[in-house]
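Each chain, written out:
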Amino acid sequence: MQQWDVIVVGAGAAGLMCAIEAGKRGRRVLVLDNGKRVGRKILMSGGGRCNFTNMYAGPENFLSQNKHFCKSALSRYTQWDFIALVQKHSIAYHEKSLGQLFCDDSAKDIVDMLLKEAKDANVQLALQQNITAVSFADGQYTVSTPELSQQCQSLVIASGGLSLPNLGATAFGFQLAEQFGLKVLPLRAALVPLTWQPADKAVFEEISGVSLPVTAEANGTVFPEDMLFTHRGLSGPAILQISSYWQPGEDVTVNMSPQTDITEFLAAQQQAHPEQELKTALAKLLPKRLVEKLIDIKAVNNQPLKTLHSKSMRQIADTLHSYVFKPNGTEGYRTAEVTIGGVDTDGLSSKTMEAKHQPGLYFIGEVVDVTGWLGGYNFQWAWASGWVAGQYC
Ligand code: FDA
């Protein structure tokens, strides 16, 4: 039986940050992970360049049943703290857009930085570990693998969500929470493409690859970003963002021309080019293949501009400013970036991330019911929640 002060389950963003902080406090820390490498999601994130934080991250960028829960951690370890760490390691980075910070070279720079910090803090790592049981007695947790049992005072669960099962995602953290009497809120894939109904697939798969700036709305939440038609459905940042707010059976309403009022645009085009066809005019605003498809399915009727009355201009504008899609689902955990739901924050201290009724048990990162928008927010939650737990565990 090996004895530790802290065992962290999960060598991802949250687990490594927590282990580093606890190690710096002189705690003897072991990190257990089921994979062959640490930080596998970090390595593949942001197209291999890791969108490691967002300059504008704040509590309003997160979904949770208790929207106040994330405030404490986010305010005590901010994006600027993480940026300072990145700068300390001389990692080159840039803002892509909307405050999203990416490595110039490779996401591996972030993993290497965390490994260097972990080494300096005397953190021990054990990879390819298959945890078979966890028990608690006399103030100590026993974590068993087929080879060994290890004991610790503080057990930190940083095993992430369910997305990308082929990358090692498991339900371990949720099951462990339930074992110790914590509630787990319903889980679903988020930041994920939406899939077509069969009838829409037949219509729209022909224009897969078409992308345009839109606003996408579901349940009263609106995101302005790009939308992409794919063979399977709708994707692109606007759709990934809205997928976190969309519920099965609901509509997604897309404004295909958020910058230009289509009624005014058509009136001006009619004056300037009365003989021109509607499809030629609309193709100045929207991708040509999309316009042709909309005419094909009679969402709008092609005709010379001079024959358009103001009422029909308004009808065309209404159609394009609020086009309704009814997805039949999402691509699920196979492609989702995150899992919504998870360990109910009611059972956790927002100051320490420790379970309120189970001393020494901590939950951090994506396993907790706090989910960020697309754009570096999920890593910021992982860093912040990991950092605060690392001060106490
Ligand atoms: P994370 O999933 O990173 O780590 C959990 C670790 O626990 C893993 O190493 C896993 O193998 C291990 N584990 C699981 N079960 C175990 C068990 N039973 N025993 C032992 N170990 C176990 N976010 C962002 O802010 N910017 C971005 O650019 C991206 N990009 C991105 C791309 C893709 C493709 C995905 C899938 C996700 C993103 N994300 C993102 C989201 C981000 O990766 C995610 O929110 C964080 O990695 C969550 O960090 P955690 O440490 O909580 O879990």
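Since we're looking at a predicted model, the values are computed, not measured. (Residues numbered from 1 in each chain as written. Predicted model: local features only at pLDDT ≥ 70, side-chain atom pairs only at ≥ 80, totals over all residues.)

With that settled, the discussion passes to the overall build of the chain. The helix and strand inventory of the chain stands at 13 helices and 21 strands. Projecting the C-alpha coordinates of the chain onto the three principal axes gives extents of approximately 85 × 40 × 35 Å. (Helix = DSSP H or I, 4+ residues; strand = E, 2+ residues; numbered from the N terminus.)

Around the ligand lies a shell of 38 residues, among which Gly-10, Gly-12, Gly-160, Gly-168 and Gly-365 are the nearest. Looking at the shell around the ligand, the elements with two or more residues in it are α1 (13-24), α2 (40-44) and α13 (377-392). Sorting elements by how many residues they give to the shell around the ligand places α13 first, with four residues. (Near = placed C-beta within 6 Å.)

So, about the domain arrangement of the chain. Examined at the domain level, the chain breaks down into domain 1 (2-186 + 336-390) and domain 2 (193-331). Centre-to-centre, using C-alpha coordinates, domain 1 lies 39 Å away from domain 2. Listed by partner, the interface residues are six residues for domain 1 and five residues for domain 2. In terms of residue class, the side of domain 1 that touches domain 2 is built from five nonpolar, one polar and no charged. (Domains from an automatic or database assignment. Contact = placed C-beta atoms within 7 Å. Nonpolar A, V, L, I, M, F, W, Y, C, P; charged D, E, K, R; others polar.)

Glancing now at the UniProt feature "domain: RsdA/BaiN/AoA(So)-like insert" (unreviewed entry) in the chain. UniProt feature "domain: RsdA/BaiN/AoA(So)-like insert" (unreviewed entry): in the numbering of this structure it lies at residues 188-338. In the segment residues 188-338, helix accounts for 34% and strand for 23%; the C-alpha atoms at its two ends are 9 Å apart. (UniProt positions renumbered as here; feature names shortened; annotations may be inferred.)

The next thing to look at is the sheet that holds strand β17 (residues 323-325). Taken in spatial order, the seven strands of this open sheet run β17-β16-β13-β14-β15-β12-β18, and their pairing is antiparallel. Edge positions in the sheet fall to β17 and β18 (329-330), since each has one partner strand and no second. Bridge count between strand β12 (residues 194-195) and β18: two bridges; the pairing is antiparallel. Bridge pairing in β18 links Leu-194 to Thr-330. (Pairing = 2+ DSSP bridges.)

Bringing the packing of helix α9 (residues 262-272) against helix α12 (residues 310-321) into the picture now. Contact geometry for α9 and α12: axes closest at 8 Å, N-to-C directions at 135 degrees. On the basis of the axis angle, α9 is oblique to α12. Seen from above, α9 lies across α12 with right-handed handedness. Between α9 and α12, the contacting residues are Ile-262, Thr-263, Leu-266 and Ala-267 on the first element and Met-313, Arg-314, Ile-316, Ala-317, Leu-320 and His-321 on the second. A per-class count over the contact of α9 with α12 returns seven nonpolar, two polar and one charged. (Axes fitted to C-alpha atoms, helices over the stretch in contact; angles between N-to-C directions. Parallel < 35°, antiparallel > 145°, perpendicular 65-115°, else oblique. Left-handed = near helix turned anticlockwise from the far one by under 90°.)

What follows deals with the pairing of strand β13 (residues 211-218). Inspection of the sheet shows β13 paired to strand β14 (residues 221-229) by eight bridges, in the antiparallel sense. Among the inter-strand pairings, Leu-212 is bridged to a residue of β14, identified as Met-227. Adjacent in sequence and paired antiparallel, β13 and β14 are bridged by two residues, among which Asn-219 carries a positive phi angle near 55 degrees. Here three bridges tie β13 to strand β16 (residues 252-255), and the two strands are oriented antiparallel to one another. Each bridged residue has a counterpart across the sheet, and for Thr-215 the counterpart in β16 is Asn-255.

Strand order in the open sheet formed by three strands is β3-β6-β5, and the pairing between neighbours is antiparallel. Of all the strands in the sheet, the pair left with one neighbour each is β3 (51-54) and β5 (93-95). On average, each strand axis in the sheet is tilted by 30 degrees relative to the strand beside it, whichever way the strands run. Strand direction decides the pairing type here: β3 and strand β6 (residues 100-103), joined by three bridges, are antiparallel. Residue pairing across strands places Asn-51 opposite Phe-102, the latter belonging to β6. Its contacts with the sheet put helix α4 (residues 79-88) on β3 and β5, and the angle it makes with β3 is roughly 140 degrees.

In this fold, Phe-82 is placed in helix α4. A count of 23 C-beta atoms within 10 Å places Phe-82 in the buried class. On a C-alpha basis, the gap between Phe-82 and Thr-195 in space is 36 Å, while along the polypeptide they are 113 residues apart. Beyond its immediate chain neighbours, meaning those up to four positions away, Phe-82 contacts Phe-52, Thr-53, Gln-380 and Trp-383. (Buried ≥ 20, exposed ≤ 12 C-beta atoms within 10 Å, placed from the backbone.)

What follows concerns the nonpolar core. One broad trend across soluble globular proteins is that nonpolar side chains are buried collectively. One finds Cys-18 and Val-156 to be the most contacted residues of the largest nonpolar core, which totals 116 residues. For this core, the leading source of residues is α13, giving nine residues. Formed jointly, this core draws a minimum of three residues from each of two domains, domain 1 (2-186 + 336-390) and domain 2 (193-331). Contact partners of Cys-18, with chain neighbours within four places excluded, come to Val-8, Val-156, Ala-158, Ile-364, Gly-386, Ala-389, Gly-390 and Cys-393. (Core = buried A, V, L, I, M, F, W, Y, C linked by C-beta atoms within 7 Å.)

Among the structural elements, Lys-183 can be located in the loop between α6 (172-179) and β11 (184-190). What makes Lys-183 partly exposed here is the crowd of 13 C-beta atoms within 10 Å. Taking the C-alpha atoms as reference points, Lys-183 and Asp-346, separated by 163 residues in sequence, lie 8.4 Å from one another. Once residues lying within four places of it in the same chain are set aside, the contact partners of Lys-183 are Asp-344, Asp-346 and Gly-347.

Another point: the confidence of the model for the chain. In regions of low pLDDT, the predicted coordinates are not meant to be interpreted in detail. In this model, the chain carries an average pLDDT of 97, and 100% of its residues clear a pLDDT of 70 or more. Both scores are given for the predicted complex: the pTM is 0.96, the ipTM 0.99. (pLDDT = per-residue confidence, 0-100.)

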